[in-house]
Amino acid sequence: MRRFASLIALAAAAVAVGCAPETPERLSVDAEEAYAAGEYSKAIAAYERMLEVSGESAMTYANLAQCALGARDLEYARRCADKALALEGSGATADRARELQGMVAEARQDLPAATRAYRGLLGAEDARLRTRARSRLARLYARQKRADSALALLLASYGEAPQDAMTLYNLGTLCVNEPLRLRQPALDFFRLAERTLPAGSPERAKSKTWITRLESNLNRLRQVPPSPGNTRKGAEYLRKARENMERKRWRSAEDYARQATQADPANFDAALALGRICTQNNHQSDGLKAYEAALVLRPDSPEARQEAARLAYAMKRYDDAAAFLRPLLIAQPKNLAAADLMMRILYAQQRGADARVWGEYCLALMPKPTEAYRKFVESLPGGDA
């Protein structure tokens, strides 16, 4: 009896000095607090102790891999992620282990392995994980000078989660850099990101810097549209051009449309009509110039952008076609016709892997893709790279 009382007293003393019993719950809390504080070695020790107390667990090994990544112990992180996947081959924990495998491979500069891991998560059930995988994969593609592939992935995330702060920030970063160099969309994305990113985050500080810089650049470089001319005469010539279009008198229609643009250079409808008529008459160079004039007047016109891109594609001016198309796709991420045209442009440029990324994006947009279309996309290279 006296011995039992002594044991109780010792236990009470242990609790009094903070030596509480090591339960899985207590160890988990300690590990999470240590990880949040950046004390990765302490977090690793707590998770390793959990394995001793509770036995092997895929979740615990995944947490260990996360902590080892923070500590830059890449080999240990790899082993823990592999062990987590071996213990649980499917489900949310398995997907997290695959993401960690990709992160380890990326940290080791093994880009093919990282790409395979992230691509394998694009169909994950967890929307947040899909978004992270797309962002990580987009970053890899951007490093490999595959900006168009990165754009497709980020637009997919933007369409699914338009308020996701990191997606907005990553889109801004992608748009501001070569070869896209889309200053206005970049500014718009950085403004949205700055409002949604956590206070004090480095991304928010960078967004503010870019906003200031881009506002200054755009004010200095903004293209001044031509001044209106004789609006009455321009409208009259345009009316005659449309009448001749209806009657299929394409040569007369082109003459009147050209006179309409000359009389009133600020008439967007006249420039657009001239582009369409010149395309019909197979005067492709003149048609493209007319579309360019229309876009100076209305840079956000989806009709002018898509038609100009289609004409440039027919002329095999593929770089121009893609340049016309990118701002439209950013403004209308779910524009299937534009996305399909981008895929075909990249395919014509013999950029099969990039074309495949856009083809997969198109498949996701289609309610019922045909088997022929699916097979074409799957025939493109890059499915497992």
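Quantities reported herein were computed from a predicted structural model and do not represent experimental measurements.

How each quantity is defined
Residues numbered from 1 in each chain as written. Predicted model: local features only at pLDDT ≥ 70, side-chain atom pairs only at ≥ 80, totals over all residues. Heavy atoms only, no water. Helix = DSSP H or I, 4+ residues; strand = E, 2+ residues; numbered from the N terminus. Rg over C-alpha atoms; globule rule 2.2 N^0.38 Å. Buried < 20%, exposed > 50% of the residue type's maximum accessible area, 1.4 Å probe, protein only. Contact = heavy atoms within 4.5 Å. Core = buried A, V, L, I, M, F, W, Y, C linked by side-chain atoms within 4.5 Å. Expected span 1.5 Å × (residues − 1). Bend = angle between axes of the 7 residues up to and from the residue. Axes fitted to C-alpha atoms, helices over the stretch in contact; angles between N-to-C directions. Parallel < 35°, antiparallel > 145°, perpendicular 65-115°, else oblique. Left-handed = near helix turned anticlockwise from the far one by under 90°.

1. Focus on the overall build of the chain
- Each helix and strand in the chain was counted, giving 21 helices and zero strands.
- Computed over its C-alpha atoms, the radius of gyration of the chain comes to 29 Å, more than 25% above the 21 Å expected for a compact globule of 385 residues.
- If you line up the chain on its principal axes, its C-alpha atoms span 115 × 45 × 30 Å.
- The 385 residues of the chain split such that 43% are buried.
- A sequence separation of at least 24 residues applies to 54% of the contacts in the chain between residues at least 6 apart.

2. Some words on the nonpolar core
- Grouped together as the largest cluster of nonpolar side chains are 101 residues, with contacts concentrated most on Leu-64, Leu-155, Leu-325, Leu-329 and Trp-358.
- Ranked by residue count, the leading element in this core is helix H9 (residues 147–160), at nine residues.
- If sequence neighbours within four positions are ignored, Leu-64 has contacts with Ile-44, Tyr-47, Glu-48, Leu-51, Tyr-76 and Cys-80.
- Within the second largest apolar cluster, seven residues are counted, among which are Ala-253, Ala-257, Ile-277 and Cys-278.

3. Remarks on unusual backbone geometry
- The omega torsion across Glu-178 and Pro-179 is 0 degrees, close enough to zero to call that bond cis.
- Relative to the elements of secondary structure, Pro-179 occurs in the loop between helix H10 (165–176) and helix H11 (183–196).

4. Focus: helix H18 (residues 318–331)
- Over its 14 residues, H18 extends 20 Å from the first C-alpha to the last, a length consistent with the 20 Å expected when each residue adds 1.5 Å.
- Where H18 bends most, at Leu-325, the angle is about 25 degrees, and the proline Pro-327 comes one to four residues later.
- Among the 14 residues in H18, ten count as buried, and that is most of the element.
- All of the buried residues in H18 are Tyr-318, Ala-321, Ala-322, Phe-324, Leu-325, Arg-326, Pro-327, Leu-328, Leu-329 and Ile-330.

5. Some remarks on the packing of H9 against helix H20 (residues 352–365)
- At a closest axis distance of 8 Å, the pairing of H9 and H20 adopts a crossing angle of 15 degrees. Considering their axes alone, H9 and H20 lie roughly parallel with respect to each other. Of the two elements, H9 crosses H20, and the hand of that crossing is left-handed. Side by side, H9 and H20 meet where Asp-148, Ser-149, Leu-151, Ala-152, Leu-153, Leu-155 and Ala-156 of the first sit next to Ala-353, Asp-354, Val-357, Trp-358 and Tyr-361 of the second.

6. Section: the side chain of Ser-135
- Relative to the elements of secondary structure, Ser-135 occurs in helix H8 (residues 127–143).
- For Ser-135, a relative accessible area of 10% gives the class buried.
- Residues in contact with Ser-135, not counting those within four places in the same chain, are Leu-154, Thr-167 and Asn-170.

7. With respect to the environment of Lys-248
- Note on placement: Lys-248 falls in the loop between helix H13 (231–246) and helix H14 (250–263).
- A C-alpha to C-alpha distance of 10.0 Å links Lys-248 and Gln-280, two positions 32 residues apart in sequence.

8. Remarks on the side chain of Asp-95
- Here Asp-95 is to be found in helix H6 (residues 92–107).
- Residue contacts for Asp-95: discarding those within four places in its chain leaves Leu-121, Ala-124 and Leu-129.

9. Thoughts on the environment of Leu-100
- Structurally, Leu-100 can be placed in helix H6.
- Put simply, Leu-100 and Arg-247 are 147 residues apart on the chain and 64 Å apart in space, counted from C-alpha to C-alpha.
- Excluding its chain neighbours within four sequence positions, the residues that come into contact with Leu-100 are Ala-62, Ala-65, Gln-66, Leu-69 and Ala-81.

10. Some remarks on H14
- Relative to the 20 Å expected for 14 residues at 1.5 Å per residue, H14 spans 20 Å between its end C-alpha atoms, a close match to the ideal helical length.
- Looking at H14, one finds that the buried residues are Ala-253, Glu-254, Ala-257, Ala-260, Thr-261 and Ala-263.
- Those residues of H14 that are buried are in contact with H13 and helix H15 (268–280).

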